[in-house]
Amino acid sequence: MSNNSYDNPSSEARFNRRKLLQSLGAAGAVMAVGSVGAAIAHGKSADWEQSGRGNLSVTESVYPGHPNPDRHGTEGWYDVKRLGAVGDGVTDDTGAFEQALLHMKMRGGGVVYVPPGQYVITRVLRLYSHTTIKMEDGAVLKKLGNPDSNLKLFVNGDIGDAEYASGYGGDGNITVIGGTIDLCGNTFPPTNPSRNYQAFGIAHADSVHIERVRFINGHNGHIIEFNSSRNVKLLHCLFQDQVVASTGQYEMVQIDFASAEAFPTFGAFDDTPCCDVLIEGCTFVNGHRGVGTHGSKYDSAGKQVFHSNIRIVNNYFNQIADIAIKPESYRNAVVAGNTIENTGSAGIAVYSCRNTIIANNTVSYAGLHGITISRKTSSVFDEPSADITVCGNVLNNIAFSPFRIIGGAGIVVDGNIGSTSNREGAYITNTDDLVLRNNVFRGVGQAQHGQYYGIRADNCSNVDIAGNSLSNAGYTNNYKYAIYIPAGSTGVKISGNTAAPGVSGTIRSDSADAVIAMESGERMLTGSLNVSSGTVVLNDDITKYRTLIIATGSVSGGGLRHEIARGWYTSGFRPGTDFLNVATSGGKLVASIDTHTQLTVVSASDPLRYVIGVL
């Protein structure tokens, strides 16, 4: 009796399955194993399945150094070469993989073992619950077949079946470890350049684990789509060389909702989000985008749908044509410890997220901004990013600004370093409740001398700019002002910053109620003015200050003059009683102190330009 595991150990009269498959050739092999699959489907054991089960656990089967070749069939362990796969890079091995996966379905789980070799796959492979695929380091799956119809390698649902699953009720508990997946987008592209290749299309799944897999030669599309899934881990994988042959947004790893637009392949379009996703220790090289999402939506009740508990940590990105990491509609997310080099757009771009931390990332040579936090707007969607903390990041050699914040709320930017950028160090617009503190900016505004600013905040409210350090010493170009607040911002407080002067000065605020605390104890009680009569509102209580500095006259004509005004000798300024009376270039300015926070200019030979309080 032969010792080959394809032979039935109980009968020498049974034929040798391997010889039969070899004699039939590739096409006949598929037919033969197909008949075996039919037998399994009817509850019968295949001739080549060993009857012994052994004492090995699934864990022991998945992580062996040198798996025992006699293990085939034991503990649900199936070696694709023992099912007829050749692995020569030429023979179509799809049938062997299909039969191994069919065993997973019939047994309720198991291990598909892929020894070293190059395996040609020409049809989509269907993953079932409780399936583990263990590929050796030398195992390569090559996605071939019809390049215009065989667009996916693995899916966990029935293509075209909208009733397949909803929520997280699809096939899950799927593990893939090791090996290489070659999508062959460089050597076997589709005739239609807009077609997208995909290694994994996962939807409505609970528990997916992909580890130490190399993904190479994609074509457009998302190499992995995690859609409407939870408890997902992507660990220590490599994504390299993604051909982009058409316009679009092509994350190598996409996180998305179950909708007809996002994932029309299978399953209910019930807007199920992803949750509990960990992407850690992966490398992304030469692709369009690294990791992220590019869709936001409201549910049927009109509330924003969020992906939750998404963690993108300790990954490496290099030569990314667009954005390296793009969180969109994430809640309770962490993007931390990533190294990003050479992006065509932003290193990290956050859109319409909530309660998210962006920490300890390094971004170098970004083609747009280093870190962007923005409001996502469209004809059907409009939501800000809110409650975002950005801390401990290092951003250098940035084409535009290290930090660009647009339409946010509750944004804290604390303890970051931004150096060598062409525009502002931090440029913030239309944002409420902003804290910008303890950041270091060096060498910003290098695109043009005296054109840009260290920090700029336009049309913002409740802004606290404190403890930042700004200098362009040693750089070719200098900023115009270290800090600039145009008219339109409200509730601005600037204090404790260490700022070297720019071409035009250190701090300029045209905000009517900005409070600026100088190192000497001076504080701006007004923004920039040009008032010769009428009331002037102060942004702080005048009785707190022993002395006022009154600036009057023409700025551009050299007539700007500063004079000191004091209140009554013992009690300071007395609202309702005291007047300011100071000399100007053309005469004098007289103003009554009406209340604790209001003056009225009675007469002025030269206009009042601003008021500074001295503590």
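Coordinates for the structure precede this section.
Residues numbered from 1 in each chain as written. Predicted model: local features only at pLDDT ≥ 70, side-chain atom pairs only at ≥ 80, totals over all residues. Heavy atoms only, no water.

Quick look at the sheet that holds strand 53 (residues 587-595)
Then, number 1: Pairing within the open sheet is antiparallel, and its 4 strands lie in the order 49-54-53-52. Either end of the sheet is taken by a strand with one partner, and the two such strands are strand 49 (534-537) and strand 52 (579-584). Mean inter-strand twist for the sheet, computed between neighbouring axes without regard to direction, equals 30°.
Then, number 2: Pairing of strand 53 with strand 54 (residues 598-604) involves 6 bridges; the strand directions are antiparallel. In the strand pairing of strand 54, Thr595 is matched with Gln598. (Pairing = 2+ DSSP bridges. Helix = DSSP H or I, 4+ residues; strand = E, 2+ residues; numbered from the N terminus. Axes fitted to C-alpha atoms, helices over the stretch in contact; angles between N-to-C directions.)

Topic: the pattern of salt bridges
Then, number 1: A complete count under the given rule lists 20 salt bridges for this structure.
Then, number 2: A salt bridge links Asp182 to Lys142; the shortest N-O distance between them is 3.4 Å. Of the two residues, Asp182 sits in strand 10 (residues 180-182) while Lys142 sits in strand 7 (residues 139-143), which places them 40 residues apart along the sequence. As far as the burial class goes, Asp182 and Lys142 line up, both buried.
Then, number 3: A salt bridge links Arg456 to Asp458; the nearest nitrogen and oxygen atoms lie 3.0 Å apart.
Then, number 4: The class of Asp458 is buried, set by a relative accessible area of 11%.
Then, number 5: Where salt bridges share partners, they join Arg126, Asp158 and Asp171 into one cluster. (Salt bridge = Lys/Arg side-chain N within 4 Å of Asp/Glu carboxyl O. Buried < 20%, exposed > 50% of the residue type's maximum accessible area, 1.4 Å probe, protein only.)

Focus: the nonpolar core
Then, number 1: One finds Phe200, Ile210 and Phe215 to be the most contacted residues of the largest nonpolar core, which totals 102 residues.
Then, number 2: Apart from residues lying up to four places away in sequence, Phe200 is in contact with Leu127, Phe154, Val176, Ile181, Ile210, Phe215, Ile223, Ile224 and Glu225. (Core = buried A, V, L, I, M, F, W, Y, C linked by side-chain atoms within 4.5 Å. Contact = heavy atoms within 4.5 Å.)

Brief notes about the layout of surface pockets
Then, number 1: Taken as a whole, the largest pocket spans an internal volume of roughly 500 Å³.
Then, number 2: Its residues placed into classes, the lining of the largest pocket shows 7 nonpolar, 12 polar and 6 charged.
Then, number 3: Taken as a whole, the second largest pocket spans an internal volume of roughly 360 Å³.
Then, number 4: As for the second largest pocket, its lining consists of 18 residues, of which Tyr481, Ile507, Arg508, Ser528 and Tyr610 are closest to the centre.
Then, number 5: Sorting the residues of the lining of the second largest pocket by element identifies strand 46 (505-509) and strand 55 (608-614) as the ones contributing at least two each.
Then, number 6: The leading source of residues in the lining of the second largest pocket is strand 46, at 5 residues.
Then, number 7: Class assignment of the residues belonging to the lining of the second largest pocket gives a composition of 10 nonpolar, 5 polar and 3 charged. (1 Å grid on protein atoms, 1.4 Å probe; cavity = no way out; pocket = protein on both sides within 12 Å on 5 of 7 lines; lining within 4 Å. Points joined across faces, edges and corners; volume = space filled by probe spheres on them. Nonpolar A, V, L, I, M, F, W, Y, C, P; charged D, E, K, R; others polar.)

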